[in-house]
Amino acid sequence: MVTSIGGPRVLLRQLRETMAEPLASQERLDKIVSLIAENMRADVCSFYVLRDDGALELFATKGLAKESVHMTTLRLGEGLVGLIAAEAEPLSLDDAPSHPAFAYRPETGEDRYFAFLGVPVLRAGQTLGVLVVQNVERHKYGEDEIEAMLTTATILAEMIATSDFDNLIKPGSDIDLRRPRMYTGVSFTDGIALGSVVLHDPRVVVTNFIAEDTEQEKLRLESGLEKMRVSIDAMLDHGDMQPSSDHREILETYRMFANDRGWVHRLTEAIDNGLSAEAAVERVQNDTRARMLRQTDPYIRDRLHDLDDLANRLLRVLTGDGHALGRKELPENAILVARNMGPAELLEYDRTKLRGIVLEEGGATAHVAIVARSLGLVAVGQAQSIVSMCETGDEIIIDGTAGIVHLRPTPDIEQAYVDKVRVSARRRAHYAALKDKPSITKDGVDITLLHNSGLVADLPMLDDTGASGVGLFRTELQFMIASRLPRLPEQMELYAEAMAIAGDRPVVFRLLDIGGDKVLPYLRSAQEENPAMGYRSIRLGLDRPGLLRTQIRALLMAANGRPLKILVPMVTETFEFLQTRMVVQKEIERLRRAGKPTPSRLELGAMVEVPSLLFELDQLLPEADFVSIGSNDLVQFLTASDRANPRVSKNYDPIALPRLRAIRMVVEAAKRYNIPITMCGELAGKPLEALALMAIGMTRLSMGPASIGPIKEMVLNLDLKPIQQSVGAALSEGADGVTIRQLLQEWIKTQGLPVA
């Protein structure tokens, strides 16, 4: 075994001093490889950097021919260096030239070196390069030397990521860390956004890499681990943590990892090699992440997020980083990138500077996606692993229409999207010119177009789009962005302002739809195994009458003698609707006794989104003034597919025969009882799906403001009656192997409808 001169700690101190010296980039690298060679008693030390074209370029060497620097390259998987980069694993050999992967490069003169040790240089589990030492004499590098090289590689990784190497890179190339990347995800909202990345949960920046006192660093690590374990135990012991819940299972996994002796041993070993406690966490997590990213077992890959979150928890304890930066502070044209986030978290940000959002997880009908649409943000989900591959400040483009994200786009891609934005602006101008035209088909069918909203700031867009009113005002958004339960005067102020802005146009206020994934931090509730089908919406309101009465009172008082429409969500059986109407009547009587004005006309509607209600329509509709269909939940429950789970939600077409028949059942029942019916789910804002709804007789559609223009343009060019006959026949008799979607696409082509 070759022993090092002063051990890893001496080398790390030397590297730190070198990084602080005022040296040119190449000079600094040359000095670093010389120090490593000297410390490791190696005849050769070489540093290869992975370029954006997949080539590993020799950036510096001590021992090989100097003229080979920036000339010698290997492809990923080619040669020993390419093998290490591809597998992200160290490789130690006592006879390198005899290894089947050995690739000889005559310009380097390395054929006379037998002993070989190479380690990957990793950051966020991604290979940035390879660090190699070689000796003439045959021998096998041991575990201590491998560990010392991995520790050194941790410092090099940070140096590559933070230093300026532009003058060392050949024209037309870049290092892989900074190469452009494209992610194909799922579209949440249409549109294009260009801007810079802001990480919602930013990676903890480690600035102190080298241990001054190893024993002190071990004590810091031990203390940090104990604090983290105590916090996890406290969450598990919390009174509302049920024995069987997803949240508890996740925390149990965290606790298992946090107490894993192997993990703790690797952290301690990294400190023994001269790293600080936080640098040790980053080093061990880099190695673990690199291995897990290359696993094919989905269970192992799913554990990656658990380990990432656990490592970040420990890093925050060690560095004292408790998310001190206010999330409302954003640069211009900010684009949020996150693994996942709740709608309340999104609403914390300054909307005037926010242009879009990219998530690694989430479905198109998740509530954060709905809020993004309400805010007019371009949004894409299921962009796998984007969080670990970007940094705050990176340039990014979101193509919401195609569900594509370009990270660090090339100039030609950026220019192409700039051109698209200009075209989009012209289209918006075109839609604006349509705003005052009546929304009537060519064959005379009147289609009422309405907004979905939830924030007062959205309502002035009624004037921009020419919509007839607000078909769904989500009142829960006010509750989700507040730090405490909004009081009666605060609720009244919001509802009164909304009515004032809308003017003569109607606003349908949906009662609180909280629970499920819309959690209020100040309203304690037990964890549920299946929250979407649990204690939520009107069930919660009827069970907490004070909450329901206060909101209804606020709405009645805000109306101040004007007409008022109230929508009851998540009605499962008619008696729930009747119970809610009794609460409304009691509050009206209370106002009358107090001599205060009551609404000039009060309409109470029911939301049809639970399949059981399909079989109570004859009991419900005579009692209701109007009904609205919530397609998101209705389709979720009809298909037994979690709308936020991309593994199943994408497999079900919401306008396939069974789902469209169910929706038609409600439309026809509403016509029998002569009461208005509106579609206020996400289907209404998509042209082809909106066409399917119109084909079954739905003439009131509520959608995000950005969808009004495209839908109205389609309506104005549409002969609806032949499509209604065609779809009606398909629903009654079947479509002979042709889906409703295919049938409508043929009609779009036949009539030349402007549907993107």
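Numbers given for residues are sequential positions, taken from 1 along each chain in its written order. Totals for whole chains, interfaces and linings use every residue, but because this is a predicted model, local features are given only for residues with pLDDT of at least 70 and side-chain atom pairs only at 80 or more, for both listing and counting. Excluded from the side-chain calculations are hydrogens and water; all other atoms, namely the structure's heavy atoms, are used.

When helices and strands are tallied, the chain shows 27 helices and 22 strands. Working definition: with a 1.4 Å probe on protein chains only, accessible area under 20% of the residue-type maximum means buried, over 50% means exposed, and in between means partly exposed. Classification of the 756 residues of the chain by burial places 54% in the buried group. Throughout, a residue-residue contact means that at least one pair of heavy atoms, one from each residue, lies within 4.5 Å. At a minimum sequence separation of 6, the contacts of the chain that also span at least 24 residues come to 67%. Just so you have it, the chain exposes about 32,000 Å², and 51% of that area is on carbon and sulfur atoms. Strands are runs of DSSP state E lasting at least 2 residues, helices are runs of H or I lasting at least 4, and numbering of each runs from the N terminus. The Shrake-Rupley method, run with a 1.4 Å probe, gives the accessible areas here. Residue values count only the displayed protein chains as cover.

Before going further, it helps to spend a moment on the sheet that holds strand β1 (residues 44-50). A sheet is described by the order of its strands in space; here 6 strands give the open sequence β3-β2-β1-β6-β5-β4, paired in antiparallel fashion. The open sheet has two edge strands with one neighbour each: β3 (73-75) and β4 (91-93). Averaged over all adjacent pairs, the angle separating strand axes in this sheet is 20°, with direction ignored. We treat two strands as partners when DSSP finds at least two bridges between them. Of the pairings in the sheet, the one linking strand β2 (residues 55-62) to β3 comprises 3 bridges and is antiparallel in character. Bridge pairing in β3 places A55 opposite R75. Comment: axis = line fitted to C-alpha atoms, over the contacting stretch for helices; angle = value between 0 and 180 degrees taken between N-to-C directions. In this fold helix α2 (residues 25-39) packs onto β1, β2 and β6 (126-135), with an angle of close to 70° to the strand it touches most, β2.

Tracing the backbone shows E278 in helix α8 (residues 277-293). Taking the relative accessible area as the measure of exposure, E278 reaches 7% and is therefore buried. Polar contact is defined as a pair of N or O atoms within 3.5 Å, subject to the rule that within protein one atom must be able to donate a hydrogen and the other to accept it, and that residues adjacent in sequence are counted only when both atoms are side-chain atoms. Engagement of the side chain of E278 in a polar contact is seen with the side chain of R220, the distance being 2.8 Å. The contact partners of E278, leaving out residues within four places of it in the chain, are V206, N208, E217, R220, L315, L318 and T319.

On to the sheet that holds strand β7 (residues 181-184), then. Pairing in this open sheet of 8 strands is mixed, and the strands run β7-β14-β13-β9-β10-β11-β12-β8 from one edge to the other. Sheet topology places β7 and β8 (186-187) at the edges, where each strand pairs with a single neighbour. Here 4 bridges tie β7 to strand β14 (residues 404-407), and the two strands are oriented antiparallel to one another. If you follow R181 over to β14, its bridge partner there is L407. In the packing of helix α13 (residues 411-433) onto the sheet, the strands contacted are β9 (192-199), β13 (395-399) and β14, and the crossing angle to β9 comes to about 125°.

Along an α-helix, residues three or four apart share an orientation, since each turn contains 3.6 residues. The span one expects for a helix is its residue count, reduced by one, times 1.5 Å. Between its first and last C-alpha, helix α7 (residues 261-272) extends 16 Å over 12 residues, near the 16 Å set by a 1.5 Å rise per residue. W263, V264, L267, A270 and I271 are the residues of α7 that are buried. End-on, the buried residues of α7 take up no more than an arc of 120°, which puts them together on one face. Counted as exposed and oriented over 90 degrees from the buried face of α7: R261 and H265. Directly beyond the C-terminal end of α7, a positive phi value near 105° is found at G274. Arc, as used here, means the arc of the directions from the helix axis to the C-beta atoms.

Note on definitions: salt bridges are taken to be side-chain nitrogens of Lys or Arg within 4 Å of carboxyl oxygens of Asp or Glu. The full count for this structure, using the stated rule, is 24 salt bridges. Where R510 meets D513, a salt bridge forms, and the shortest distance between an N and an O atom there is 3.7 Å. By the burial criterion, R510 is buried, and D513 matches it. In this structure, the salt-bridge partner of R741 is E689, at a minimum N-O distance of 3.1 Å. Taken together, the residues R741 in helix α27 (residues 740-751) and E689 in helix α24 (residues 687-695) connect sequence positions 52 residues apart. Salt bridges here are not isolated pairs; linked through shared partners, they connect E215, K218 and D272.

Right, let's get into the nonpolar core. In this structure, I663, L701 and V727 are the most contacted members of the largest nonpolar core, which totals 91 residues. Sort the elements by how many residues they give to this core and helix α18 (residues 545-559) lands first, with 9 residues. Ignoring sequence-local partners within four residues, the contact set of I663 consists of I629, L634, M679, L683, L693, I696 and M698. Among buried residues, the Ala, Val, Leu, Ile, Met, Phe, Trp, Tyr and Cys ones that are joined through side-chain atoms within 4.5 Å form a nonpolar core.

With that settled, the discussion passes to the confidence of the model for the chain. The predicted coordinates should not be examined in detail at positions where pLDDT is low. A residue's pLDDT is simply how confident the predictor is in it, with values from 0 to 100. Mean pLDDT for the chain: 84, with 84% of residues reaching 70 or above. This model gives residues 239-247 a pLDDT under 50, and the stretch forms 20 contacts once residues within four places in sequence are excluded. This model gives residues 323-327 a pLDDT under 50, and the stretch forms 7 contacts once residues within four places in sequence are excluded.

Here I404 is to be found in strand β14. Using a relative accessible area of 18% as the deciding quantity, one classes I404 as buried. Sequence separation between I404 and V380 is 24 residues; the distance between their C-alpha atoms is 7.3 Å. Non-local contacts of I404, meaning those with residues more than four positions away in its chain, are made with M182, Y183, T184, V380, I397, I398 and D399.

Next up on the list: the packing of α24 against helix α26 (residues 720-733). Interhelical geometry of α24 versus α26 gives an angle of 80° and a closest axis separation of 8 Å. Classified by the interaxial angle, the pair formed by α24 and α26 is roughly perpendicular. Here L691, M694 and A695 of α24 come into contact with α26, specifically with L720, I723, Q724 and V727. For this classification, the nonpolar set comprises Ala, Val, Leu, Ile, Met, Phe, Trp, Tyr, Cys and Pro, the charged set comprises Asp, Glu, Lys and Arg, and every other residue, Gly included, is treated as polar. Considering only residue class, the contact of α24 with α26 consists of 6 nonpolar, 1 polar and no charged. When an angle is under 35 degrees it counts as roughly parallel; over 145 it counts as roughly antiparallel; between 65 and 115 it counts as roughly perpendicular; any other value is oblique.

Only centres within 6.5 Å qualify two rings of Phe, Tyr or Trp (six-membered ring in Trp) as a pair; their planes then separate them into stacked at under 30 degrees, edge-to-face at over 60, and tilted for everything else. Taken as a whole, this structure holds 2 aromatic pairs when the rule is applied. Ring centres 5.6 Å apart and planes at 65° place the aromatic pair Y495 and F509 in the edge-to-face group. In this pair, Y495 is assigned in helix α16 (residues 488-502) and F509 in strand β17 (residues 507-510), connecting sequence segments 14 residues apart. Aromatic rings pair up to connect F473, Y495 and F509 into one cluster. Look at NZ for Lys and CZ for Arg. If either is within 6 Å of the ring centre and within 35 degrees of the ring normal, a charge sits over the ring. The residue whose ring lies beneath R138 is F114, and the NZ or CZ to ring-centre distance is 4.1 Å.

A separate point is unusual backbone geometry. The residue R41 is not glycine, and still its phi comes out positive at about 50°. Inspection of the secondary structure assignment puts R41 in the loop between α2 and β1. Exposure remark for R41: the relative accessible area of 48% places this residue in the partly exposed category. The phi dihedral of A88 falls on the positive side, at around 55°, and the residue is not glycine. Relative to the helices and strands, A88 resides in the loop between α3 (79-87) and β4. Accessibility expressed as a relative area gives 5% for A88, which makes it buried.

Take the packing of α13 against helix α25 (residues 705-716) next. Relative to each other, α13 and α25 sit at 65°, their axes nearing to 9 Å. Crossing of α13 over α25 shows left-handed handedness. Packed against α13, whose contacting residues are R427, H430 and Y431, the element α25 presents G709, P710 and E713 at the interface. For any helix crossing, the convention is left-handed if the near helix is rotated counterclockwise from the far helix by under a right angle, and right-handed if that rotation is clockwise.

Moving on, we get to the pairing of β14. Both faces of β14 are covered, namely the face carrying I404 and H406 and the face carrying V405 and L407. Relative to β14, β13 runs antiparallel, the two being bridged by 4 bridges. Along β14, the bridge assignment pairs D399 with I404. Where β13 folds back onto β14 in an antiparallel hairpin, the turn is made up of 4 residues, including G403, whose phi is positive at roughly 70°.

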